[in-house]
Amino acid sequence: MIDKKTPIIQVKNLYKIYRVGETRVHALDGVDFTVYRGEFCAIVGPSGSGKSTLLNMLAGLEKPTKGEIVIDKIHIENMTENQLVEFRRKRVGFIFQSYNLLQTLNAVENVALPLSFRGVPKKKRNEIAVKYLKLVGLEKQMKHMANAMSGGQQQRVGIARALAVNPKIIFADEPTGNLDSKTTLEILKLMQQVVREQNQTLVMVTHDNNLASYADRQFRIVDGRIVKIIEREEAAKQAEGD
Amino acid sequence: MKFLDLLAMSVSNLKRRKLRTFLTVLGVIIGTASVVIMVSLGIGLNSLMIEQYASYGDMTMVTVYSNSYYGGGGGETDESTFLTDEKLAEFQRIDHVTGVSPVLNADAVLKQGAYYCSTNVVGVSRDYLEKIPLGQGELAAADDNELKFYYGNRVSMWFSNEKTGAGYWDNEEVPPVDFMGKPMFVVFDTNAYWQSRWSDSENPVKPPKKYMIPCGGVVEGSFDDYNNYSYDIYTDVELLKNQLKMVFKKNPIPGQPTNSKGKPYSYFVYNQAMVFVDDMENVLEVQQQLTDMGYQANSQMEWIEQAQQTTGMVQLVLGGIGAVSLFVAAIGIANTMMMSIYERTKEIGVIKVLGCDMRNIRNMFLLESGFIGFMGGVAGLLISYAVGYAMNHFLSIGQQMMGVAGDISRIPLWLAGGAIVFAVLVGMAAGFFPSLRAMHLSPLAAIRNE
């Protein structure tokens with residue numbers, strides 16, 4: 001359920017300028033948008049368009065050159081590294097393209113890992129981990145080590161890990177980039193479904209228009225600017241029209 | 001993050017690379033073991049030396065002589081430095097002094113059967129007598145007013161046969177003198193004794209009175225053992241003084257000083273005083289005070305002090321050799337940690353993206369390197385104990401080097417505990433900069449896709 005009244009991400013006039021020798025590269029060139037609670041957004045653009053840079057800044061991994069980022073009513077653009085880590089620990093879930101599970105841990109331990117950073121006792125965090133692993137359909141792989149699972153399974157663990165901390169917002173960076181098309185579809189549908197059920201906000205970065213169409217809203221980004229925002233209904237119409 | 005979770009994570013990371021962890025730990029084991037063994041040898045050497053000195057006599061005892069009077073009378077005398085009961089009471093008041101004993105030497109001739117000896121009887125306080133380890137007999141009760149002698153276990157070597165003149169020094173046979181079993185006759189007025197013996201028949205001198213003095217005990221050990229009390233005959237000084245007064249009455253007692261008119265003093269002047277100090281540490285201080293009071297003071301500690309300086313140097317050199325190998329081990333730890341951080345760059349980035357606190361990341365690596373130090377420290381200590389045991393029991397190096405039986409390698413509790421703590425600290429110090437590096441790694445590395 002999308003709560004149009006509660007903005008969870010507000011981005012105002014965001015710039016990111018890299019210096020490469022004498023020339024300046026505008027990775028982001030004045031970006032404004034708002035994401036509401038419960039929304040599944042996709043940031044879509046070709047490679048080099050600045051979509052990853054945008055995601056990194058939203059997650060507090062990179063600092064903007066100029067502009068404001070307000071997440072859950074908190075300005076993050078001027079936070080120190082320590083504050084950013086704390087911000088991520090308390091409010092953000094992250095799904096990676098290459099899954100990034102810890103190879104030494106099994107599925108349950110991987111999902112429980114971010115909870116351990118919060119100081120949740122082992123018994124409790126394993127209970128939570130088991131719950132979310134069931135949710136993503138991995139009842140039988142609970143004790144499997146990360147490297148003993150297929151890509152699709154690993155990404156399911158990744159999704160469970162992002163959900164387990166009950167974040168305000170989940171970021172996904174090309175979550176299906178390393179998967180075949182069948183698994184890609186499964187994972188996308190899973191994310192879509194889980195986000196709805198859990199009433200979570202998800203921001204996904206992708207270069208694939210087709211994948212982006214699963215989102216409630218798409219932000220088309222080219223050369224560091226948002227060129228088009230497409231609502232789900234429009235997207236459906238477009239698809240029909242084609 | 002909870003400490004136990006941190007620890008579990010560090011340990012699982014160490015387990016992941018068993019061979020590398022083992023090799024790094026091996027370095028620490030060698031380093032710790034060499035430090036501990038070297039230091040234990042230094043301690044052993046020092047203790048052996050002290051034990052050697054201790055076997056020569058009580059180390060907390062200071063012997064005091066008067067500058068103006070020692071032994072036989074005559075010559076310049078300065079009454080102010082006479083060792084009298086009054087002065088001894090003054091010594092007693094010095095800090096750290098637990099007891100003072102006078103030493104009064106009295107000439108005596110001892111006779112048993114055909115054997116005799118001309119010697120000194122040493123009168124000392126009851127405190128002193130109590131320190132003498134008796135093998136046979138026991139110290140008389142404090143209220144026992146009978147004069148008793150306590151013989152050193154090698155005293156019989158002073159005796160010789162009155163008829164043949166042969167003694168221990170002539171034929172190396174121990175004169176068959178039985179202190180405990182047979183009565184001993186003692187002559188205190190030795191001048192009269194010799195006069196009567198060498199007087200010719202024309203001017204006979206009446207032999208002095210002989211007293212039968214019972215034996216209170218004999219110092220422990222056989223004739224071949226020796227200690228500080230082996231060669232003298234001891235008795236209670238108060239009873240000895242009474243005996244001398246009784247024997248000589250108003251006449252001057254031999255060995256006691258006389259005033260300028262040749263008259264004896266109304267009090268006894270002691271040959272020496274023994275001052276007992278509460279602890280070895282304070283002996284030199286007390287000795288210095290006694291010297292300042294105008295007396296000559298000697299103690300075993302003077303010698304030990306010098307010897308300790310030497311062994312201190314040896315200890316330092318040995319410890320230094322050990323420390324070098326521990327230092328090399330520390331470099332090994334730092335190297336391993338750096339490698340580990342390079343390998344885990346991505347992983348560190350991931351946990352940083354997932355919200356692991358930067359301090360936790362640092363602590364995780366510090367714990368890891370500290371744990372390497374801990375394992376190396378414990379294993380190194382065990383090896384040190386094993387090597388020390390082997391040196392003590394199979395090589396008997398102590399016997400060869402110092403000529404004293406005893407353990408050459410000694411690992412006191414503080415060394416054992418200190419070694420482990422030190423190994424952990426070395427590990428953590430070596431891991432400190434790598435851990436800072438890990439802490440400041442960019443989380444962006446995690447989301448870079450390769």
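Residues numbered from 1 in each chain as written. Chains lettered and ligands numbered in written order. Predicted model: local features only at pLDDT ≥ 70, side-chain atom pairs only at ≥ 80, totals over all residues.

Novice: Mind showing me how you'd approach the domain arrangement of chain B here?
Specialist: For an interface, size is often stated in terms of accessible area lost upon the parts coming together. Here chain B is described as being made up of domain 1 (3-54 + 307-447) and domain 2 (61-278). For domain 1 of chain B and domain 2 of chain B, the distance between their C-alpha centroids amounts to 60 Å. (Domains from an automatic or database assignment.)

Novice: Would you mind going over the environment of B:Gly332 with me for this structure?
Specialist: Residues and elements named next belong to chain B. Turning to its location among the elements, Gly332 is positioned in helix H9 (residues 300-343). In this structure, the C-alpha to C-alpha distance between Gly332 and Gly427, residues 95 residues apart in sequence, is 9.6 Å. Look past the residues within four positions of Gly332 in its chain and what remains in contact with it is Thr24 and Gly27. (Helix = DSSP H or I, 4+ residues; strand = E, 2+ residues; numbered from the N terminus. Contact = placed C-beta atoms within 7 Å.)

Novice: Can you help me understand the pairing of strand E3 (residues 40-44) of chain A in this one?
Specialist: Residue and element names in this part refer to chain A. Summarising burial for E3: five of the five residues are buried, a large majority. The two faces of E3 match: Phe40, Ala42 and Val44 on one face and Cys41 and Ile43 on the other face are all buried. Of the pairings in the sheet, the one linking E3 to strand E8 (residues 202-206) comprises five bridges and is parallel in character. Following the sheet pairing, Ala42 is matched in E8 by Met204. Taken together, the four bridges between E3 and strand E9 (residues 217-222) define a ladder with parallel strand orientation. Bridged to Ile43 within E9 is Phe219. (Buried ≥ 20, exposed ≤ 12 C-beta atoms within 10 Å, placed from the backbone. Pairing = 2+ DSSP bridges.)

Novice: Is there a simple way to think about the environment of B:Gln52 in this case?
Specialist: Residue and element names in this part refer to chain B. Structurally, the position occupied by Gln52 is in helix H2 (residues 18-56). With 15 C-beta atoms counted inside 10 Å, the residue Gln52 sits in the partly exposed group. Residues Gln52 and Ile304, spaced 252 residues apart in sequence, show a C-alpha to C-alpha distance of 9.9 Å.

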